[in-house]
Amino acid sequence: MPPVITLRGITKTYQTGEETLHALAGVDLTVEPGEFVAIVGPSGSGKSTLLSILGCLDNPTSGEYRLDGANVAGLSEDQLSRIRNQKIGFVFQAFHLLPRLTVAENVETPLLYAGLPAKERKQRVAQALARVGLTQKADREPNQLSGGQRQRVAIARALVTRPSLMLADEPTGNLDSRTGREVLALLQELHKAGSTIVLVTHDPAIAATAERTIEVRDGLIVRQEVALL
Ligand SMILES: Nc1ncnc2c1ncn2[C@@H]1O[C@H](COP(=O)(O)OP(=O)(O)OP(=O)(O)O)[C@@H](O)[C@H]1O
Ligand SMILES: [Mg+2]
């Protein structure tokens, strides 16, 4: 199997007026199938920029990105959104659920986009909700749920397409520490079941649960640490 992620010399430059900001200044990274990687680093160091590129939400300015062995740098918006839908599950700090839809409808959204038939959608949604322990809440709306439950819905929505890569940007950042630990335990379970996960966190305790920690500073990977688990 090829690595899930291969980055070579990835840069991202933002031009605002006169100023050129090198958000990523040449990142090399390989992530193998089934790895759990944490990205840490100070505010503004480029963590979210890196995750957006990994998630095909944004194109790098230069460099090569292979996802499951296929080159994704320089693809069109349409091609990127198709790859996002097929290969990537994204979990954000602020959940990003659609407020007018039920829990089940939120989880179903990426399957509608993928064009799956109704029967399979229903099965997959039921499986995903069971996976995160929210079968009982299928018909609720997000505002009727706790923060931890909302994040579990977001995780169900991320895994319902069976992505090759799960990306999480501060997934516990809006949660109290106990609820955050529950969400982290869920991600750990998914990892044990074979998911490849890349997670951004400020919390050293969370980073310590990953197999590998990558530290980003000024748009560069300055340190990698492999845990002795
Ligand atoms: N759309 C944009 N336009 C201009 N500059 C940007 C843009 N997005 C990010 N930046 C800049 O790029 C740098 C990296 O930002 P990024 O969001 O990746 O940091 P981060 O490590 O995720 O920080 P935090 O821990 O605060 O979330 C910052 O200096 C930021 O101001
Ligand atoms: Mg960020």
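Everything quoted here is computed from the prediction, not taken from an experiment. (Residues numbered from 1 in each chain as written. Chains lettered and ligands numbered in written order. Predicted model: local features only at pLDDT ≥ 70, side-chain atom pairs only at ≥ 80, totals over all residues.)

A. Representation of the site of ligand 1 within the structure. Taken together, Y14, T16, L21, A23, G41, S43, G44, S45, G46, K47, S48 and T49 make up all the residues around ligand 1. Of all the secondary-structure elements, those providing two or more residues to the shell around ligand 1 are β1 (5-16), β2 (19-31) and α1 (47-54). For the shell around ligand 1, the element with the highest residue contribution is α1, accounting for 3 residues. In the shell around ligand 1, the residues fall into 3 nonpolar, 8 polar and 1 charged. (Near = placed C-beta within 6 Å. Helix = DSSP H or I, 4+ residues; strand = E, 2+ residues; numbered from the N terminus. Nonpolar A, V, L, I, M, F, W, Y, C, P; charged D, E, K, R; others polar.)

B. The arrangement of the sheet that holds strand β3 (residues 36-40) in detail. Strand order in the open sheet formed by 6 strands is β6-β7-β8-β3-β9-β10, and the pairing between neighbours is mixed. With one partner strand each, in any of the chains shown, β6 (88-92) and β10 (220-226) form the two edges of the open sheet. On average, each strand axis in the sheet is inclined to that of its neighbour by 15°, with strand direction left out of account. Note that strand β7 (residues 165-169) and strand β8 (residues 197-200) share 4 bridges and pair parallel. Counted as the bridge partner of L167 is V198 from β8. (Pairing = 2+ DSSP bridges. Axes fitted to C-alpha atoms, helices over the stretch in contact; angles between N-to-C directions.)

C. Local environment of the sheet that holds β2. If you walk across this open sheet you meet the 4 strands as β2-β1-β4-β5, and the pairing is antiparallel. One side of each edge strand has no neighbouring strand; the edge strands of this open sheet are β2 and β5 (70-71).

D. Just the packing of helix α5 (residues 147-159) against helix α6 (residues 177-192), in detail. Two elements in contact, α5 and α6, have axes separated by 9 Å at closest approach and are oriented at 20°. One element, α5, and the other, α6, form an angle in the roughly parallel class. Here α5 and α6 pass one another in a crossing that is right-handed. In this structure, α5 contributes G147, G148, Q151, R152, I155 and L159 to the contact, and α6 contributes T179, E182, V183, L186 and L190. Partitioning the contact of α5 with α6 into residue classes produces 5 nonpolar, 4 polar and 2 charged. (Parallel < 35°, antiparallel > 145°, perpendicular 65-115°, else oblique. Left-handed = near helix turned anticlockwise from the far one by under 90°. Contact = placed C-beta atoms within 7 Å.)

E. Here's a closer look at the nonpolar core. By size, the foremost hydrophobic cluster in this structure holds 61 residues, and its most contacted members are I39, V107, A156, L167 and V198. A per-element tally of this core places α5 first, with 6 residues. Beyond its immediate stretch of four places on either side in the chain, A156 contacts V107, A128, L129, R131, V132 and L134. (Core = buried A, V, L, I, M, F, W, Y, C linked by C-beta atoms within 7 Å. Buried ≥ 20, exposed ≤ 12 C-beta atoms within 10 Å, placed from the backbone.)

F. Expanded view of unusual backbone geometry. Of note, the phi angle at D68 is positive, near 50°, even though the residue is not glycine. Counting through the fold element by element, D68 comes out in the loop between β4 (62-67) and β5. You can call D68 partly exposed: it has 18 C-beta atoms within 10 Å. Positive phi values are uncommon outside glycine, yet H96 reaches one of about 55°.

G. Quick look at the pairing of strand β9 (residues 212-217). Pairing of β3 with β9, which is carried by 4 bridges, proceeds in the parallel orientation. Its bridge partner being in β9, V37 is matched across the sheet by R212. In this sheet, β10 lies alongside β9 in antiparallel orientation, the contact comprising 6 bridges. Looking across to β10, one finds that R217 is bridged to L220.

H. Just the environment of K47, in detail. Assignment of secondary structure puts K47 in helix α1. Residues K47 and N143 lie 96 residues apart in sequence; the distance between their C-alpha atoms is 29 Å. Setting aside anything within four residues of it in sequence, one finds K47 in contact with I39, G41, V200 and V216.

I. A look at the environment of G194. Relative to the helices and strands, G194 resides in the loop between α6 and β8. Judged by the 8 C-beta atoms lying within 10 Å of it, G194 falls in the exposed class. In this structure the C-alpha to C-alpha distance between G194 and L57, which are 137 residues apart in sequence, comes to 24 Å.

J. Highlighting the pairing of β2. Pairing of β1 with β2 involves 10 bridges; the strand directions are antiparallel. Looking at β2, one finds that T16 is bridged to E19. Linkage of β1 to β2, two consecutive antiparallel strands, is achieved through a turn of 2 residues, within which G17 is found at a positive phi near 60°.

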